[in-house]
Amino acid sequence: MLTALLGHAVLTSTVNRFDLAAPLPSIAPVRIDKIGSGVGVAQQYARAHGLQARILWVDATANMNAYNSAEKIAALVKGAKQMGFNTISLDVKPIVGYTIYPGPITEQLTSWRGQTIPAGFDPVPIFAEECHKNGLQLLCCFNAFSEGHRMAKEQEGKPDSPFANGKPGPGYAHPDQQSVQVKFSPSVTIGGTSFALESSVNPTQVDANKGAIYAKAPTAKGEFVLIGPDRRVRAYSGVAPSTGEVVLRLPSSKSSGALLGQLAKIGSVASFTVSSENQNQIPLMMNPNHPAVAARMAEVIRDFVKRYDVDGVLFDDRLRYTGMDGDFSRLTQLQFESEIGQKVNWPKDIYETTYDWNLKSGIRPGKYWDAWWEFRAKKIKNWMSSIRNIIKQERSRTKLGIYAGSWYGEYDNYGANYGSTDNILGFSQMTAGFRQAGFANLLDMFIGGCYYRVPTIFDAMVAGAPKGQTIEAGAQMINRAVNDETWAIAGISLSSFAQNPEEVRAALQASVACSQGVMVFDYSHEIEKFVPHLTRAFSRQAAAPYADPKHLTEVRKLKNKRIQLGYKYPPAFIQEGAPGIGH
């Protein structure tokens, strides 16, 4: 057994790499890539010990009517048990920022789109009691740095608002704590004068303070007309692609006011807005670097763990920054300058957007490009370390995990490196500093969203579909990212199989074959359609790998032993995955 776990599969060219796998023996097998999906001590240990996470996700807002009484909670948990799940993940702090339980720090969420929960009713201890009575683990999930909901904000104050009694979330009252996002817009400089441009060619409306570009054809093929905010006409031909500079000449119309012979250069100008201004995503994202934001969420966790005997705390996919455009607040600038010991030309020393004369955009990295991504990831890791310390101080048996998207290659943009410090995935962000900001070793479990319809790489190849957009490829990615520091569990979405519920069987099989379990999202997704398929798939009981901490301890010991013996992880296969948080 020890020898098997310390090694890894090495297949010769005479062995069929794509072989049938049925870790759920009561349903049809799937054909998986034995090389890519068999890597790691955690994967081999879970198989050898019959461990499988089987998590049912219960979203806070979508399922409110399903848990607004003790009787309904008991029925929900009993149903999950009968289907064969061994864990429930209960969303307790959705992106709106309120919690489904009453507490001293957060306001209770009591209504959402026609669903209600009685004020003062606390579903968490009832879930805990019912789960433990039925032998299930209970994980409770928090959206860490989201404190508001865009649609709720749009309906704020309306008597018929379906969202949270018309309240949009606590973060809107604290714009100083919201994430500051940078936005670049095109601009033109002529001589010593600069002005902003509309962001598209041939705009139908032009802001009074902006210029515009009009063209009958792409500028590489013909001339265009440049209009300034003073509405004077300029024109040019002959783009210099390397500099974006052109010499202006009179247009064919001989328009008056043209600036003949002057040099024009296209560039960009940066502006800064807080998250609630022109909110470009549904959650209202706060600044993780703001001391008040970090401290408030830490106290929410401390209070929760003190009061509730649950098996684990999860963070959902708002454990991050807004994207590569945040956080560009003055507070973060000062923190970053302190970190690197240099004054920064903000934000161009990080990056800026570039434009050509067709207003096609690109990105020009600045001299602190890598240092910036490392800094943000390090901030999230340090916060996660403090949260783990709080949990262990207050209730040592409570576990810590997160959910995030499986496409690890885009998480530098979001500042959350959930990987191990020694993973060998070859993405461009994997500098030494970014790699060391990985926090997989702080986690007892990692759930990755593999929300694809195609189960396996083999299936994709047969269908001529992208191999990376499969459950198997997503599971391979998260397994290699966390690299035996924690359990990797593939998440699937029932909505992907709503038209043909029986197809969920192959999705379940692929998830369990290629990771250490499966998370099923969500209870609200017409789960009644899937009950017979879930029950059949999970007919043979299995314990969750994180239910007993000794298993993860043993996996980490075996990993270290493996390293001492000189074993090296095989190359990681990076498929053409689909970006998008949560996938």
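Residues numbered from 1 in each chain as written. Predicted model: local features only at pLDDT ≥ 70, side-chain atom pairs only at ≥ 80, totals over all residues. Heavy atoms only, no water.

(A) Spotlight on the overall build of the chain. Across its full length, the chain carries 14 helices and 23 strands. Whereas a compact globule of 583 residues would reach a radius of gyration of roughly 25 Å, the chain reaches 27 Å, a difference of no more than 12%. Its C-alpha atoms give the chain principal-axis dimensions of about 85 × 65 × 50 Å. Considering the chain as a whole, with its 583 residues, one finds that 56% of them fall into the buried category. Taking as baseline every contact in the chain between residues at least 6 positions apart, the subset at least 24 positions apart corresponds to 71%. When the accessible surface of the chain is totalled, it reaches about 23300 Å², and 52% of it is carbon and sulfur. On the chain, the mean spot of the 61 positive side-chain charges and the mean spot of the 52 negative ones are 4 Å from each other. (Helix = DSSP H or I, 4+ residues; strand = E, 2+ residues; numbered from the N terminus. Rg over C-alpha atoms; globule rule 2.2 N^0.38 Å. Buried < 20%, exposed > 50% of the residue type's maximum accessible area, 1.4 Å probe, protein only. Contact = heavy atoms within 4.5 Å. Areas by Shrake-Rupley, 256 points an atom, 1.4 Å probe, with all protein chains shown as cover. Lys, Arg positive; Asp, Glu negative; His and termini not counted. Charge placed at Lys NZ, Arg CZ, Asp CG, Glu CD.)

(B) Broad picture of the packing of helix α7 (residues 330–340) against helix α8 (residues 369–394). Look at α7 against α8: their axes get within 11 Å of each other, and the N-to-C directions meet at 105°. With respect to each other, α7 and α8 are oriented roughly perpendicular. Facing α7, whose interface residues are Thr-332, Gln-335, Phe-336, Glu-339 and Ile-340, α8 presents Ala-371, Trp-372, Phe-375, Lys-378 and Lys-379. Classifying every residue of the contact of α7 with α8 by side-chain character gives 5 nonpolar, 2 polar and 3 charged. (Axes fitted to C-alpha atoms, helices over the stretch in contact; angles between N-to-C directions. Parallel < 35°, antiparallel > 145°, perpendicular 65-115°, else oblique. Nonpolar A, V, L, I, M, F, W, Y, C, P; charged D, E, K, R; others polar.)

(C) Layout of the packing of aromatic side chains. Counting across every chain of the model gives 32 aromatic pairs. An angle of 70° between the planes, with centres 5.3 Å apart, marks the rings of Phe-85 and Phe-538 as edge-to-face. Residue Phe-85 is located in the loop between α3 (70–83) and β4 (87–93), and its partner Phe-538 is located in the loop between α13 (531–537) and α14 (549–564); the two are separated by 453 residues in the primary sequence. For Phe-85, a relative accessible area of 2% puts it in the buried group. (Phe/Tyr/Trp six-rings, centres within 6.5 Å; stacked < 30°, edge-to-face > 60°.)

(D) Broad picture of unusual backbone geometry. Gly-326 connects to Asp-327 through a cis peptide bond whose omega is 0°. Relative to the assigned elements, Asp-327 resides in the loop between β17 (312–315) and α7. Of note, the bond from Phe-521 into Asp-522 is cis; its omega dihedral lies within 30 degrees of zero at 5°. Along the polypeptide, Asp-522 turns up in the loop between β23 (517–521) and α13. Positive phi outside glycine occurs at Ala-164, with the angle close to 45°. In this fold, Ala-164 is placed in the loop between α5 (150–154) and β9 (180–190).

(E) Examining α14 more closely. Look at α14: 23 Å from first C-alpha to last across 16 residues, which is about the 22 Å you get at 1.5 Å a residue. When we look at burial in α14, the residues that qualify are His-551, Leu-552, Val-555, Leu-558, Lys-559 and Arg-562. Down the axis of α14, the buried side of the element spans an arc of 120°, and every buried residue falls inside it. When the buried face of α14 is taken as reference, the exposed residues oriented beyond 90 degrees from it are Pro-549, Lys-550, Lys-557 and Gln-564. A positive phi of about 90° marks Gly-566, the residue just after α14. (Expected span 1.5 Å × (residues − 1). Arc of directions from axis to C-beta.)

(F) Expanded view of the nonpolar core. Core analysis: the biggest nonpolar cluster contains 138 residues, and Phe-142, Phe-315 and Met-384 have the highest contact counts within it. Broken down by element, this core gets its largest block of residues, 10 residues, from α8. Excluding residues that lie within four positions of it along the chain, Phe-142 makes contacts with Val-92, Lys-93, Tyr-101, Met-297, Val-300, Ile-301, Phe-304, Val-313, Leu-314, Phe-315 and Asp-316. Formed by 23 residues, the second largest nonpolar core is a distinct cluster that contains Ile-55, Ile-447, Ile-489 and Leu-552. (Core = buried A, V, L, I, M, F, W, Y, C linked by side-chain atoms within 4.5 Å.)

(G) Just the sheet that holds strand β7 (residues 137–142), in detail. Around the barrel, 8 strands lie side by side as β3-β4-β7-β17-β20-β21-β22-β23; this closed barrel has parallel pairing. Taking each pair of neighbouring strands and ignoring which way they run, the sheet shows an average axis angle of 25°. Bridging between β7 and β17 involves 4 bridges; their strand directions are parallel. Within β17, the position partnered with Leu-139 by the bridge is Gly-312. (Pairing = 2+ DSSP bridges.)

(H) Spatial organisation of the layout of surface pockets. The volume enclosed by the largest pocket comes to roughly 760 Å³. When the residues that make up the lining of the largest pocket are grouped by side-chain class, the tally is 13 nonpolar, 10 polar and 8 charged. (1 Å grid on protein atoms, 1.4 Å probe; cavity = no way out; pocket = protein on both sides within 12 Å on 5 of 7 lines; lining within 4 Å. Points joined across faces, edges and corners; volume = space filled by probe spheres on them.)

(I) Looking closely at the environment of Lys-557. Residue position: Lys-557 is located in helix α14. Spatially, the C-alpha atoms of Lys-557 and Thr-431 are 26 Å apart, while their sequence positions differ by 126 residues.

(J) The packing of helix α11 (residues 471–482) against helix α12 (residues 504–514), seen in detail. Two elements in contact, α11 and α12, have axes separated by 9 Å at closest approach and are oriented at 25°. What the angle tells us is that α11 and α12 run roughly parallel. For the crossing formed where α11 meets α12, the hand is right-handed. Residues Ile-471, Glu-472, Ala-475 and Gln-476 of α11 touch α12, and the partners they reach there are Ala-507, Ala-510, Ser-511 and Cys-514. When the residues that make up the contact of α11 with α12 are grouped by side-chain class, the tally is 5 nonpolar, 2 polar and 1 charged. (Left-handed = near helix turned anticlockwise from the far one by under 90°.)

(K) Seen up close, the pairing of β9. For β9, a buried count of 9 out of 11 residues is recorded, marking the element as mostly surrounded by other parts of the structure. In this sheet, strand β15 (residues 263–274) lies alongside β9 in antiparallel orientation, the contact comprising 11 bridges. Bridging from a neighbouring strand, Ser-185 pairs with Val-269 of β15. Here 4 bridges tie β9 to strand β10 (residues 193–197), and the two strands are oriented antiparallel to one another. When the bridges of β10 are listed, Val-188 appears paired with Phe-195.

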